Amino acid sequence: MGVRKRKKDLSLLERIYIPEIIKGLVLTMKNMFRPKFTMEYPEEKFIPPASYRGRPVLVMEENGEERCVACGLCSRVCPALAIEVQASETEREKERYPEKFEINMLRCIFCGFCEEVCPEEAIVMSKDYELAFSNREEAIFDKEKLLIPISQLDERIQFLRQYK
Ligand code: SF4
Ligand code: SF4
């Protein structure tokens, strides 16, 4: 830290802040030529890394089936009470499936607890951060909006497996 001069020891230039103004201008000029970190969104999109927690989505297998077995764990762990699951029986080996699966995106806080607790890797955090609604109903995402093909979620699933 520099030693503070007393007012009577300051030169005329120092009294009218000229050295400080010059220092400020030099700093501004330096920063003008540094690389930019801002983006011109929405023309330029941010592509998040695999660690990013965007909106939660349901995994759809290659054959079009959902992975979810409607165990309800995600719904129980969700701190924002954003998930509603209603289970139903199937005829197949996998006995249960979610007849209804909804996430209220107005409530979701993107904590990722649902993803962590799911025993089937059936719900994962996506890279989607573009959420805009014009009314409350639009913010309730049903299976049609939630199910995403596994090919689009592979990066996140591989990322999660590193920590299991
Ligand atoms: S990310 Fe968190 S708040 Fe959002 S649905 Fe999952 S558990 Fe609930
Ligand atoms: S998404 Fe996972 S935790 Fe949630 S109900 Fe389905 S299987 Fe269970």
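Just so it is clear, the structure is predicted and the values come from calculations on it, not from any experiment.

Basis of the calculations
Residues numbered from 1 in each chain as written. Chains lettered and ligands numbered in written order. Predicted model: local features only at pLDDT ≥ 70, side-chain atom pairs only at ≥ 80, totals over all residues. Heavy atoms only, no water. Pairing = 2+ DSSP bridges. Helix = DSSP H or I, 4+ residues; strand = E, 2+ residues; numbered from the N terminus. 1 Å grid on protein atoms, 1.4 Å probe; cavity = no way out; pocket = protein on both sides within 12 Å on 5 of 7 lines; lining within 4 Å. Points joined across faces, edges and corners; volume = space filled by probe spheres on them. Nonpolar A, V, L, I, M, F, W, Y, C, P; charged D, E, K, R; others polar. Near = heavy atom within 4 Å. Sits in = over half its atoms within 2 Å of the grid points. Buried < 20%, exposed > 50% of the residue type's maximum accessible area, 1.4 Å probe, protein only. Polar contact = N/O pair within 3.5 Å; in protein donor to acceptor, adjacent residues only side chain to side chain. Contact = heavy atoms within 4.5 Å.

Right, let's talk about the sheet that holds strand 2 (residues 83–89) for a bit. Strand order in the open sheet made by the three strands is 2-3-5, with antiparallel pairing throughout. The strands lining the two open edges of the sheet, one partner per strand, are strand 2 and strand 5 (140–141).

Using the criterion set out here, one finds two cavities of 30 Å³ or more in the structure. Each pocket or cavity is described by its volume, and for the largest cavity that value is around 90 Å³. If you go around the largest cavity, you meet 13 residues; those closest to its centre are Cys68, Cys71, Cys74, Cys118 and Ala122. Across the lining of the largest cavity, the residue classes tally to 11 nonpolar, one polar and one charged. By volume, the second largest cavity amounts to about 80 Å³. Lining the second largest cavity we find Pro56, Cys78, Ala80, Ala82, Ile83, Ile103, Cys108, Ile109, Phe110, Cys111, Gly112 and Cys114. Taken together, the residues of the lining of the second largest cavity sort by class into 11 nonpolar, one polar and no charged.

The local shell around ligand 2 consists of Cys68, Val69, Ala70, Cys71, Gly72, Leu73, Cys74, Phe101, Cys118, Pro119, Ala122 and Ile123. When each cavity is represented as a set of grid points, ligand 2 is found to reside in the largest cavity. Partitioned by chemical class, the residues of the shell around ligand 2 number 11 nonpolar, one polar and no charged.

Right, let's talk about unusual backbone geometry for a bit. Cis geometry is found at the peptide bond from Tyr41 to Pro42, where omega equals 10 degrees. Relative to the elements of secondary structure, Pro42 occurs in the loop between helix 2 (18–32) and strand 1 (56–60). One non-glycine residue, Phe110, lies in positive phi territory at about 55 degrees. Among the secondary structure elements, Phe110 is positioned in the loop between strand 3 (96–104) and helix 4 (113–117). Phi angles above zero are rare outside glycine, and Glu121 is one such case at about 50 degrees.

Bringing the side chain of Glu115 into the picture now. Position of Glu115 relative to the elements: it lies in helix 4. According to the relative accessible area criterion, Glu115 is buried, its value standing at 8%. A polar contact of 2.8 Å, which involves the side chain of Glu115, links it to the backbone nitrogen of Met125. Among all residues touching Glu115, those that are not within four sequence positions of it are Ile123, Val124, Met125, Arg156 and Leu160.

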